[in-house]
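For reference, the chains in residue letters:
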Amino acid sequence: MTDTPKKVTDLRSAIELLSRFDDELIYTDEPVDPVAELSGVYRYVGAHGTVQRPTRIGPAMMFNKVKGYQDMRVLIGLLSSRQRVARLFGTVPEKLAFMLKDAVSTPIPPRVIAGQPAECQQVVHLATDPGFDILKILPAPTNTPQDAGPYFTLGMCYAADPETGAHDVTIHRLCVQSKDEISMYFVPGRHLDVFRQKAEAAGKPLPISVSIGVDPAIEIGACFEPPATPLGFDELSIAGSLRQQPVELTRCLSVDALAIANAEVVIEGELLPGVRVQEDQNTRTGKAMPEFPGYTGAAQTAVPVIKVKAITHRKHPILQTCIGPSDEHTNMAGIPTEASILQLVERALPGFVLNVHCPSPGTGKYLAVLQVKKRTSADEGRQRQAALLAFAAFSELKHVMLVDEDVDIFDLSDVMWAMTTRYQGDISTVFIPGVRCHPLDPSSDPAFSPSIRSQGIACKTIFDCTVPYDLKAGFQRSVFMEVDVSRFIPGFTPQ
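Residues numbered from 1 in each chain as written. Predicted model: local features only at pLDDT ≥ 70, side-chain atom pairs only at ≥ 80, totals over all residues. Heavy atoms only, no water.

K.L.:
Help me out: how do you make sense of the overall build of the chain in this one?
P.N.:
The helix and strand tally for the chain stands at 12 helices and 23 strands. Relative to its length of 495 residues, the chain is compact, with a C-alpha radius of gyration of 23 Å against a globular reference of 23 Å. Judged by the C-alpha coordinates and their principal axes, the chain covers about 75 × 60 × 40 Å. A buried classification covers 56% of the 495 residues belonging to the chain. Partitioning the intrachain contacts of the chain with sequence separation of at least 6 by distance along the chain shows that 72% fall at a separation of at least 24. Total accessible area computed for the chain in this model is approximately 20,900 Å², and 54% of it derives from carbon and sulfur atoms. A gap of 1 Å separates the mean positions of the 47 positive and 57 negative side-chain charges of the chain. (Helix = DSSP H or I, 4+ residues; strand = E, 2+ residues; numbered from the N terminus. Rg over C-alpha atoms; globule rule 2.2 N^0.38 Å. Buried < 20%, exposed > 50% of the residue type's maximum accessible area, 1.4 Å probe, protein only. Contact = heavy atoms within 4.5 Å. Areas by Shrake-Rupley, 256 points an atom, 1.4 Å probe, with all protein chains shown as cover. Lys, Arg positive; Asp, Glu negative; His and termini not counted. Charge placed at Lys NZ, Arg CZ, Asp CG, Glu CD.)

Pasting the structure below:
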């Protein structure tokens, strides 16, 4: 690595930082088809996560030439390695959740820039222009041949509450439906959907911007959910805290909304009141796109529609995308989940939970591993209290695994060792049936279990893989002699 680059403030400075490392970013000049081929390539290169095997953890990848587009590059996998995320934030992977937890507690609100042109508006395409067509401007990828259509998967959707003016930013699956229409799928409970419902009740459209290709701090911050970030909390302020400077916004050109000023691409539009479309109306595949659990989600029969009014972008723009089941999603969703759990358990049980990991096989949303330290006999039982707090901190969580302080929660082999040697199913398992979880879990279905009353309800489970305090003396790991391995292997550094 060469000299330290300038501070990360946008996607391009993030790319500049990664370019200083030998193993974090690769480029290709081979022309790629955005229809299934682009994702098909990256599945092998670095997607990992719950993606179909074979796959692996690998570098981010920039496609310099996209078939059918002269001046548009596509970046994929920017956040698909926890090590890479840590480098983008100047920390180590084990400390990411703590950094995010602190950022939520010390928010720095965004600010609107005025009197200067925004970088995201260097090139402007209005929907009223002759021949305007979303897919002639932007190469929205189709992840698999079965997808409902082309999707924008990393759009920072930003809108305001029509009653209070409070803003929120979230990420949703956005399917291109026509030359100027994009469908938007809302999981129940999302704050932008609350805003949309208020506008719709008043018979009005909801102005919205979709910013693509931004500072990774914005992408991570946008994935926080209640109660860590309640209704009215602008998650852009988390990114501001992470970078110690406000995220800069600009006013849209065609709608009354704000957008991220240094984004690569901005889609401006309005969510139309009372308008719904079938998500796969153009393909009739019955499928939507690959989602984070590793399965292709079913196409929704009636989803709201964004009427696009304009597309603006920087010169020589970079469209950023991700594969739904990849580690990129796990990191964006999982690290904020870890931070949310740490925030709540630290308030209730100070110093008891040492760290939290929401690993890739758990999709970043469904599984959390909590590392605890029982200091006295009075701590026995508090590990299960911590698990209950974790469920409260993140409602979509399905399983919690509890391990002792000597277990490396970032090494799932070590976690499974704890489950093998410190767990008995009949006394170490706590079932909490009939609790709302997440609708995209295919096992959360009445057809799968008679205990499930409707889609999205699950049996939340605690796996207590900790040693009872009064038995700890019999569960000590073998201790080896400390040696200087570099005497035998020059340059060797322990992991």
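Having seen the structure, we can now continue with the description.
K.L.:
How should the sheet that holds strand E12 (residues 248-251) be read in this particular structure?
P.N.:
Two strands in a sheet stick together by hydrogen bonds in their backbones, pointing the same way (parallel) or opposite ways (antiparallel). Reading across from one edge, E4-E12-E13 is the order of the three strands in this open sheet, with mixed pairing throughout. Every other strand in the sheet has two partners, leaving strand E4 (111-112) and strand E13 (258-260) as the edge strands with one partner each. Pairing of E4 with E12 involves two bridges; the strand directions are parallel. Looking at the pairing, Arg111 lines up with Glu248 of E12. (Pairing = 2+ DSSP bridges.)

K.L.:
What should I look at first to understand the pattern of salt bridges in this one?
P.N.:
Pairing between side chains of opposite charge can happen when the charged atoms of each approach one another. Under the counting rule described, the total for this entry stands at 33 salt bridges. Across the pair Glu264 and Arg314 runs a salt bridge, and its minimum N-O distance is 3.8 Å. Taken as a pair, Glu264 in the loop between E13 and strand E14 (265-277) and Arg314 in the loop between strand E17 (303-313) and strand E18 (318-321) lie far apart in primary sequence, 50 residues in all. Taken individually, Glu264 and Arg314 each receive the classification buried, so the pair is uniform in this respect. Look at the salt bridges and you will find they share partners, linking Asp10, Arg12, Glu119, Glu264 and Arg314 into a network. (Salt bridge = Lys/Arg side-chain N within 4 Å of Asp/Glu carboxyl O.)

K.L.:
What should I look at first to understand the nonpolar core in this one?
P.N.:
As a rule of thumb, soluble globular proteins bury nonpolar side chains together. Core analysis: the biggest nonpolar cluster contains 57 residues, and Leu75 and Ile260 have the highest contact counts within it. The element that contributes the greatest number of residues to this core is helix H1 (residues 11-18), accounting for five residues. The residues contacting Leu75, other than those within four sequence positions of it, are Leu11, Ile15, Leu25, Ala60, Met61, Met62, Ile318, Leu319, Gln320 and Thr321. In terms of nonpolar packing, the next biggest core, distinct from the first, is built from 41 residues, Val66, Ile76, Ile134 and Leu174 among them. (Core = buried A, V, L, I, M, F, W, Y, C linked by side-chain atoms within 4.5 Å.)

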